[in-house]
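The chain contents come next:
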Amino acid sequence: MARPLEPNRRRSLSDPLAAALMPPPNESAADRERRLEAESEAKRVSDGIDEMLRAEKKEKKAKPEIKVLILGQSESGKSTTLKQFQLMHAKAAFHADRIAWRAVIYLNLVRSVRRILDAVSPESDQPDEAEDQETASGRTISLTNPSSVTKVARYPQYRHALEPLRELEERLIRMLSSPNEDEPTHTTPSKPDWSIYANGNSNTQVTVGKNGRPAPFITIPPPQTSSPLSPSTSLPSPGGSSNSSSKSKNVEVSVHHTSNWKKAFSLGNRIKSPKSAHTNEIEGWWDDPSDPVHVLNSCAQPMLALWKDPSVKQRLREKRIRVEEGSGFFLDEISRITALRYFPSDQDVLKARLKTTGVVEHSFSIADSQRRFITWKIYDVGGARNQRHAWAPYFEDVNAIIFLAPISAFDQVLAEAPEVNRLEDSLLLWRSVVSNKLLAHVSIILFLNKVDLLQAKLKSGVRLSHHMPRYGDRPNDYENVSLYFYNKFGSIHQAFTSNKEREFKIHLTSVTDTRRTATIIQNVRDIIITVNLKNIHLM
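Residues numbered from 1 in each chain as written. Predicted model: local features only at pLDDT ≥ 70, side-chain atom pairs only at ≥ 80, totals over all residues. Heavy atoms only, no water.

Some thoughts on the sheet that holds strand 1 (residues 65–72)
Two pairing modes exist for strands in a sheet, parallel and antiparallel, and in both the strands are linked by backbone hydrogen bonds. Inclusion rule: Should DSSP find at least two bridges between two strands, the strands are taken to pair. Numbering goes from the N terminus for both helices and strands, where a helix is a DSSP run of H or I of at least four residues and a strand is a run of E of at least two. Angles here are taken between N-to-C directions and fall from 0 to 180 degrees, while the axes themselves are lines fitted to C-alpha atoms, restricted in helices to the stretch in contact. Pairs of residues are marked as contacts when any of their non-hydrogen atoms sit within 4.5 Å.
Taken together, the six strands give an open sheet; going across it, the order is 8-9-1-10-12-13, and neighbouring strands pair in mixed fashion. Both outer strands of the open sheet, strand 8 (359–367) and strand 13 (504–508), are each paired with one neighbouring strand and no more. Along the sheet, successive strands turn relative to each other by an average axial angle of 20°, direction set aside. As paired elements, strand 12 (residues 443–449) and strand 13 share five bridges and run parallel to each other. If you follow Leu446 over to strand 13, its bridge partner there is Ile506. Most of the contacts of helix 16 (residues 478–496) go to strand 13, to which it runs at about 160°, and overall it touches strand 10 (400–406), strand 12 and strand 13.

What follows is the structure, given as structure tokens:
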């Protein structure tokens, strides 16, 4: 017979936790005093933690923090957008860093020149180098027609005169790859010592800093054994991968986000010191014989001649290579960039291309409409396919996303996946972001970027319908094409968004245009602040 339940049975007799907390039956007065004292201390600690949590919540309401994630595929303009934020809200720091970008700009220029030399070399015109390429529409186009190849008569002279650029490129890469200690172990030189990088090993070295974390590193293309200007050593495009016949591996120099590469290229106090006590003339990098500017300055005229040569321009058109569309394009400014006392401008820094791996975080204090300062944390994450896994951890508490889609890239392919159209990849990536349930309450601002390149491309006769057949026979002008992309991205958000009530805006942008982008960022900033304040009041 089952034992009847005891209606008034004490909970402590059946609750294991309550039983464990009960004092021992034979507890002495001294033990009881010690136990009560310990319980009082535990309660004091618990109450203190609760008070800290309440204070943090109150402080968050008083001093709100805004987290913005900048997303998009590689070379969509993410880093340039972040630079624009820096230029607007941390101008002094931005200007202090400009001189450090000099070496990056030199490297961009050198790589553009060497890529052209590679493209117009006679070896690249051999029949076995000819390739066919399939467009997004399935049409196969011949990229090299041996019977109608434009010959560059002065190629041997160009190659000979510009040979010093090969060694200079290696030097710049080695210096950028120089590991920096997490903690200083010796006095920083007052200027970069270029001479120590004249001869060295370009292999990637992974070292460990004193704090146990991996030291900053740079990814360097493997050394080539063939001729420096042969087709087998094709250099990557400074910009996105385009439909060309070059067998470029599209390998980029990429600096890890923890690398303090700017420190190596800063001037320290060198720029402020006079040459001697008897003159007011300033000593600078132009007085250092090992500085890269001397090689560039000596090669300026051959570079100008190469870029202005009509046969070179025609050969690039035949190969469908548009170096002017890529990030880090400085070929129209060779004379200024190669001047001995060249100092990078704001626009130069915005245009400069240096691929950063990992997640870059910048903090700014930005005033709202009531002159209250709000801390902004902006994260720029790598956009290449193998880096997108790093996005998810930042989805949890982000306030807004700025998504960049380069709409000029409708005729280009991904560098890491040559069979994938860049614009199609942007559309799929956009769909995955707007449909993500973790981002349901996040404001999203879409930048349809590189409209300046889109205008130039359409004017040159490139037809969107050849790469996106669904565009059909609509007019191939900027107004209609940009409206098509505006509606296409907007309709994807409408169809797949996890929250149709979220704050969502679309802007047509060219993020290298400082004045226009500043206006857009101002509007974006106001929208994000307003939405964030509304959310705080609901806490």
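Some details on helix 15 (residues 451–459)
The condition is simple: Classification of residues uses two cut-offs on accessible area relative to the type maximum, computed with a 1.4 Å probe and protein chains only: under 20% is buried, over 50% is exposed, and between them is partly exposed. What the arc describes is the spread of directions from the helix axis to the C-beta atoms.
All of the buried residues in helix 15 are Val451, Leu453, Leu454, Lys457 and Leu458. Around the axis of helix 15, the buried residues are gathered within 155° of arc, so they sit on the same side. A positive phi of about 105° marks Gly461, the residue just after helix 15.

Overview of the side chain of Asp425
Defined as follows: Polar contact is the term for a pair of N or O atoms within 3.5 Å; when the atoms are in protein, one must be able to donate a hydrogen and the other to accept it, and sequence-neighboring residues count only if both atoms are side-chain atoms.
Tracing the sequence through the fold places Asp425 in helix 14 (residues 422–434). Of the polar contacts made by the side chain of Asp425, one reaches the side chain of Gln73; its length is 2.9 Å. Look past the residues within four positions of Asp425 in its chain and what remains in contact with it is Gln73, Arg385, Arg388, Leu414 and Val420.

Remarks on unusual backbone geometry
For Glu75, which is not glycine, the phi dihedral falls at a positive 65°. Position of Glu75 among the secondary structure elements: in the loop between strand 1 and helix 3 (78–89). Note on Glu75: relative accessible area 9%, which makes it buried. For Arg320, which is not glycine, the phi torsion reads 55° and is therefore positive. For Arg320, the position within the fold is in the loop between helix 11 (310–318) and helix 12 (334–337). Overall, the relative accessible area of 38% leaves Arg320 in the partly exposed class.

A look at helix 16
Just so we agree on the cut-off: Each residue after the first adds 1.5 Å to the expected span of a helix.
For helix 16, with 19 residues, the first-to-last C-alpha span of 27 Å sits near the 27 Å given by 1.5 Å per residue. All buried positions along helix 16 are accounted for by Tyr478, Val481, Ser482, Tyr484, Phe485, Phe489, Gly490, Ile492 and His493. For helix 16, the elements touching its buried residues are strand 10, helix 14, strand 12, helix 15 and strand 13.

Some thoughts on the nonpolar core
Under the convention used in this document: To qualify as a nonpolar core, a set must consist of buried Ala, Val, Leu, Ile, Met, Phe, Trp, Tyr and Cys residues joined through side-chain atoms within 4.5 Å.
If you look at the biggest cluster of nonpolar residues, it comprises 49 residues, and the most contacted ones within it are Leu109, Val113, Ile116, Leu165, Met303 and Leu331. Mapped onto this core, the elements with two or more residues apiece are helix 5 (102–120), helix 6 (155–161), helix 7 (164–176), helix 9 (293–298), helix 10 (300–308), helix 11, helix 12 and helix 13 (346–351). A per-element tally of this core places helix 5 first, with twelve residues. With sequence-adjacent residues up to four places away left out, Leu109 is seen in contact with Leu296, Met303, Phe330, Leu331, Ile334, Ile337 and Thr338. Counting residues in hydrophobic clusters, the runner-up holds 38 residues, among them Leu423, Leu427, Leu464 and Val481.

Here's the deal with the packing of helix 5 against helix 10
Worth spelling out the cut-off: For this classification, under 35 degrees means roughly parallel, over 145 means roughly antiparallel, 65 to 115 means roughly perpendicular, and everything else is oblique. Take the far helix as your reference; a near helix turned counterclockwise from it by less than a right angle gives a left-handed crossing, and one turned clockwise gives a right-handed crossing. The nonpolar class holds Ala, Val, Leu, Ile, Met, Phe, Trp, Tyr, Cys and Pro. Asp, Glu, Lys and Arg form the charged class, and all remaining residues, Gly among them, are polar.
Their axes nearest at 11 Å, the elements helix 5 and helix 10 cross at an angle of 50°. Classified by the angle their axes make, helix 5 and helix 10 are oblique. With respect to the hand of their crossing, helix 5 and helix 10 are arranged in left-handed fashion. Residues Leu109, Val113, Ile116 and Leu117 of helix 5 pack against Met303, Leu306 and Trp307 of helix 10. Residues that form the contact of helix 5 with helix 10 fall into these classes: seven nonpolar, no polar and no charged.

Observations concerning the environment of Glu324
In this structure, Glu324 sits in the loop between helix 11 and helix 12. It is 9.2 Å that separates the C-alpha atoms of Glu324 and Ser112, two residues lying 212 residues apart in sequence. In this structure Glu324 touches Trp307, Phe329 and Leu453, once residues within four positions along its chain are discounted.

What to know about the packing of aromatic side chains
Note the following rule: Note on ring pairs: Phe, Tyr and Trp rings are taken, using the six-membered ring of Trp, and paired if centres are within 6.5 Å. Classes follow the plane angle, with under 30 degrees stacked, over 60 edge-to-face and the rest tilted. In this scheme, Lys NZ or Arg CZ marks a charge over a ring once it lies within 6 Å of the ring centre and within 35 degrees of the ring normal.
Overall, the coordinates contain eight aromatic pairs when judged by the stated rule. Site record: aromatic cluster; members linked through ring pairs are Phe403, Trp430, Phe489 and Phe504. Lying across the ring of Trp307, Lys313 places its NZ or CZ 4.5 Å from the centre. The positively charged end of Lys457 is found above the aromatic ring belonging to Phe410, 5.4 Å away from the centroid.

What about a nonpolar patch on the surface?
Counted only if it meets this: Patch definition: residues with relative accessible area over 30% and no salt bridge; like charges joined within 9 Å; nonpolar side chains (Val, Leu, Ile, Met, Phe, Trp, Tyr) joined within 5 Å. Each accessible area value is a Shrake-Rupley result obtained with a 1.4 Å probe; residue values ignore everything except the protein chains displayed when judging cover. When a carboxyl oxygen of Asp or Glu lies within 4 Å of a side-chain nitrogen of Lys or Arg, that pair is called a salt bridge.
Taken together, the side chains of Val45, Ile49 and Leu53 make up a nonpolar region of the molecular surface, amounting to roughly 260 Å² of accessible area. Tracing the backbone shows Ile49 in helix 2 (residues 29–62).

What to know about the confidence of the model for the protein
Keep this limit in mind: On a range of 0 to 100, pLDDT expresses the predictor's confidence in each residue.
Here the protein shows a mean pLDDT of 75. Residues at 70 or above account for 69%. Note that residues 200–250 has pLDDT below 50 and, in this model, 134 contacts with residues that lie over four places away or in other chains.

Topic: the environment of Ala103
Locating Ala103 in the fold gives a position in helix 5. When its relative accessible area of 2% is taken as the criterion, Ala103 is described as buried. Note: C-alpha distance between Ala103 and Met175 (72 residues apart in sequence) is 9.1 Å.

Describing the pattern of salt bridges
Two side chains bearing opposite charge may form a pair once their charged atoms approach each other closely. Applying the stated criterion across every chain yields a total of 22 salt bridges. The partner of Glu325 in a salt bridge is Lys457, with the nearest N and O atoms 3.0 Å apart. Of the two residues, Glu325 is situated in the loop between helix 11 and helix 12 and Lys457 in helix 15; the sequence distance between them amounts to 132 residues. Overall, the relative accessible area of 2% leaves Lys457 in the buried class. Connected via shared salt-bridge partners are Arg322, Glu325, Asp411 and Lys457.

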